[in-house]
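Here's the letter readout for the chains.
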Amino acid sequence: MDVQEQNERGLKLRVDIFGREAVDKRMNAFGDFGKPLQHIINAYAYGDVWQRPALPPAVKSLVMVAMMGAAGHNNELRVHLKGALKNGCSTEQIQDVLLLLTMYCGIPAANEAHRIAADVLNEEKR
């Protein structure tokens, strides 16, 4: 598979998980300057790593929630929480991941991650 096919495969997966509107917004956020970054995200993150079969998409989503919450990447946490729900993760699974984050990464990171998760879960109920 060439890099362009990988890019297209990754873009399709991103749209499937996060929705066309959210992906378009992120892909256009930095104009032409951001195109190389978006290519890397599409081709390598979603066109390669996310396509690997060893972990199901829901598990990958929970891992992303944990990593983004632990790292304090709040915008990405919000995106990946929505993706986790789309990939079939339950509220209880997300809660358990955030409780693990509390124990191993600390209460400040957990407070913010819980706040964002509560917001996303409330938005998705509407």
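Calculation criteria
- Residues numbered from 1 in each chain as written.
- Predicted model: local features only at pLDDT ≥ 70, side-chain atom pairs only at ≥ 80, totals over all residues.
- Heavy atoms only, no water.
- Helix = DSSP H or I, 4+ residues; strand = E, 2+ residues; numbered from the N terminus.
- Buried < 20%, exposed > 50% of the residue type's maximum accessible area, 1.4 Å probe, protein only.
- Contact = heavy atoms within 4.5 Å.
- Salt bridge = Lys/Arg side-chain N within 4 Å of Asp/Glu carboxyl O.

### Looking at the environment of glycine 69
- Relative to the assigned elements, glycine 69 resides in helix H4 (residues 57-71).
- For glycine 69, a relative accessible area of 4% puts it in the buried group.
- If we skip the residues at most four places from it in the chain, glycine 69 touches Leu77, Leu101, Ala109 and Ala113.

### A short note on the pattern of salt bridges
- By the definition in use, this model includes nine salt bridges.
- Across the pair aspartate 32 and lysine 35 runs a salt bridge, and its minimum N-O distance is 3.1 Å.
- On the accessibility criterion, aspartate 32 (62% relative accessible area) is exposed.
- Look at lysine 35 and you get exposed, because its relative accessible area is 53%.
- Across the pair aspartate 119 and arginine 78 runs a salt bridge whose closest N-O atoms are separated by 3.7 Å. Of the two residues, aspartate 119 sits in helix H7 (residues 107-125) while arginine 78 sits in helix H5 (residues 74-86), which places them 41 residues apart along the sequence.
- By relative accessible area, arginine 78 is classed as partly exposed at 24%.
- The network of salt bridges with common partners includes Arg78, Lys82, Glu112, Arg115, Asp119 and Glu123.

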